[in-house]
Amino acid sequence: MCLKADPRFECGWCIQDRKCSLRQECTGGGSVQPSEVVGWMHATSGNSRCTHPKITKLFPETGPRQGGTRVTILGENLGLQFRDIKTGVRLGKVPCVPIEEEYVSAEK
């Protein structure tokens, strides 16, 4: 959620501090100017990615064995853009086909 904040807020992920912060408050860059902070990520910086995805809800929780059931996955860090998840979604060993129109960056 932090990485997809509007760039005008200069909010992003501070790698050193391991938290979401304002760019100028990120200590990862030591004494460099805020515009040169190393270790600060935002979706527009080109160095960002969602790691450690966490599923908080999956529905429906059951379906027919033969498959074909549309499933909704909710969570955190579920990619910043559709291309991040396009070919990597699986339920067990079964590959899924994500629907781009229903994708919500990082959450669904």
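Residues numbered from 1 in each chain as written. Predicted model: local features only at pLDDT ≥ 70, side-chain atom pairs only at ≥ 80, totals over all residues. Heavy atoms only, no water.

Undergrad: Go over unusual backbone geometry with me, naming the residues and quoting the values.
TA: The amide bond that connects F59 to the next residue, P60, takes the cis arrangement and shows omega of -5 degrees. Tracing the sequence through the fold places P60 in the loop between β4 (54–59) and β5 (72–76). Phi at N77 is positive, roughly 60 degrees, even though this residue is not glycine. Examined against the element boundaries, N77 turns out to sit in the loop between β5 and α1 (82–85). (Helix = DSSP H or I, 4+ residues; strand = E, 2+ residues; numbered from the N terminus.)

Undergrad: Lay out the nonpolar core in plain terms, naming residues and giving numbers.
TA: Listed in full, the six residues of the largest apolar core are I73, L78, F82, I85, V89 and Y103. Filtering out sequence-adjacent residues up to four positions away, Y103 remains in contact with L78, G79, L80, Q81, F82, I85 and K108. (Core = buried A, V, L, I, M, F, W, Y, C linked by side-chain atoms within 4.5 Å. Buried < 20%, exposed > 50% of the residue type's maximum accessible area, 1.4 Å probe, protein only. Contact = heavy atoms within 4.5 Å.)

Undergrad: Before we move on, could you go through the pairing of strand β1 (residues 11–14) and cite the residues and values that matter?
TA: With four bridges joining them, β1 and strand β2 (residues 19–22) adopt antiparallel strand pairing. The partner of W13 across the bridge, within β2, is C20. The loop that links β1 with its antiparallel partner β2 comprises four residues; one of these, R18, has a positive phi angle of about 55 degrees. (Pairing = 2+ DSSP bridges.)

Undergrad: Just give me the short version of the confidence of the model for the protein chain, but keep the residues and values in it.
TA: Scored by pLDDT, the protein chain has a mean of 78; 76% of the residues are at 70 or more. Predicted confidence in the protein chain is weakest over strand β3 (residues 40–41), with a mean pLDDT of 71, and strongest over β4, with 92. Across residues 29–36 the pLDDT falls below 50, and counting only partners more than four positions away or on other chains, this stretch makes five contacts in the model. (pLDDT = per-residue confidence, 0-100.)

Undergrad: Any chance you could break down the pattern of salt bridges for me, citing the residues and the numbers?
TA: Enumeration according to the criterion identifies one salt bridge in this entry. Between E102 and R70 there is a salt bridge; the shortest N-O distance is 3.0 Å. In this pair, E102 is assigned in the segment after β7 (94–95) and R70 in the loop between β4 and β5, connecting sequence segments 32 residues apart. Classification of E102 by relative accessible area gives partly exposed; the value is 32%. (Salt bridge = Lys/Arg side-chain N within 4 Å of Asp/Glu carboxyl O.)

Undergrad: Can you break down the packing of aromatic side chains residue by residue, with the values?
TA: Taken as a whole and assessed by the stated rule, the structure comprises one aromatic pair. Centroid distance F82 to Y103: 5.9 Å. Interplanar angle 70 degrees. Geometry classified as edge-to-face. One end of the pair, F82, is in helix α1; the other, Y103, is in the segment after β7, with 21 residues separating them in the sequence. We note that F82, like Y103, is buried. (Phe/Tyr/Trp six-rings, centres within 6.5 Å; stacked < 30°, edge-to-face > 60°.)

Undergrad: So what's going on with the side chain of T72? Which residues, and what values?
TA: Turning to its location among the elements, T72 is positioned in strand β5. Residues in contact with T72, not counting those within four places in the same chain, are K57, L58, F59 and K108.

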